[in-house]
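Structural description and commentary
Letter by letter, the chains look like this.
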Amino acid sequence: QVQLVESGGGLVQPGGSLRLSCAASGSILRINAMGWYRQAPEKQRELVAAITSGGSTNYADSGKGRFTISRDNAKNMAYLQMNSLKPEDTAVYYCNAEITEEQGPVIYDYWGQGTQVTVSS
């Protein structure tokens, strides 16, 4: 069984920073791409940033220049550093990972339970 657990969300003032973490655990053989998505009330879930196992990154326009995605392959962790936060960044942030389990070979798409980020004065 594989689990993704996010942490690091909270309430922050506009212009502030937060660092989200995503920990993958369980019978993992390999983690391919990892990503962060977000979903605001009454809006569709959207990609925030993604990173391949080799470290190539992709960002939504909304976060370019403000957000940085990274990962630690040895620890099965992904991170999202968010700076210069705006009220419109308020959402539940979800971690996503494409994982091959130890029994292989199928790649499954896993999601965490989400962590709330609220940007407000």
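Residues numbered from 1 in each chain as written. Predicted model: local features only at pLDDT ≥ 70, side-chain atom pairs only at ≥ 80, totals over all residues. Heavy atoms only, no water.

Comments concerning the packing of aromatic side chains
- The tally for this structure, following the rule as stated, stands at two aromatic pairs.
- Each ring, one from tyrosine 37 and one from tryptophan 111, has its centre 4.9 Å from the other, and the planes form 65°; the classification is edge-to-face. Note that tyrosine 37 is positioned in strand β4 (residues 28–39) and tryptophan 111 in strand β10 (residues 107–111), a separation of 74 residues in sequence.
- Residue classification places tryptophan 111 among the partly exposed positions, given a relative accessible area of 34%.
- An angle of 65° between the planes, with centres 6.4 Å apart, marks the rings of tyrosine 108 and tyrosine 110 as edge-to-face.
- Residue tyrosine 108 is classed as partly exposed on the basis of its relative accessible area of 44%. (Phe/Tyr/Trp six-rings, centres within 6.5 Å; stacked < 30°, edge-to-face > 60°. Helix = DSSP H or I, 4+ residues; strand = E, 2+ residues; numbered from the N terminus. Buried < 20%, exposed > 50% of the residue type's maximum accessible area, 1.4 Å probe, protein only.)

A short note on the pairing of strand β3 (residues 18–26)
- Here strand β1 (residues 2–7) pairs with β3 via six bridges, running antiparallel. Note on β3: the bridge partner recorded for valine 5 is alanine 23.
- Here six bridges tie β3 to strand β8 (residues 77–82), and the two strands are oriented antiparallel to one another. Counterpart to serine 21 in the pairing with β8 is tyrosine 79. (Pairing = 2+ DSSP bridges.)

Observations concerning the side chain of arginine 66
- Here arginine 66 is to be found in the loop between β6 (57–59) and β7 (67–72).
- From its side chain, arginine 66 meets the backbone oxygen of serine 62 in a polar contact 2.7 Å long.
- Not counting the four nearest positions on each side in its chain, arginine 66 is found in contact with Gln81, Met82, Asn83, Ser84, Leu85, Lys86 and Asp89. (Polar contact = N/O pair within 3.5 Å; in protein donor to acceptor, adjacent residues only side chain to side chain. Contact = heavy atoms within 4.5 Å.)

Brief notes about the sheet that holds β1
- Taken together, the four strands give an open sheet; going across it, the order is β1-β3-β8-β7, and neighbouring strands pair in antiparallel fashion. Edge strands, defined here as strands with exactly one partner in the open sheet, are β1 and β7. Sheet twist, expressed as the average angle between the axes of neighbouring strands with direction ignored, equals 15°.
- With six bridges joining them, β7 and β8 adopt antiparallel strand pairing. Residue pairing for β8: aspartate 72 is matched across the bridge by methionine 77. (Axes fitted to C-alpha atoms, helices over the stretch in contact; angles between N-to-C directions.)

Concerning the state of the cysteines
- In total, this model carries one disulfide according to the counting rule given.
- Paired by a disulfide, cysteine 22 and cysteine 95 hold their sulfur atoms 2.0 Å apart. Disulfide cysteine 22-cysteine 95: the torsion about the S-S bond is -80°, which places it as left-handed. Taken together, the residues cysteine 22 in strand β3 and cysteine 95 in strand β9 (residues 91–101) connect sequence positions 73 residues apart. By the burial criterion, cysteine 22 is buried, and cysteine 95 matches it. (Disulfide = S-S within 2.5 Å.)

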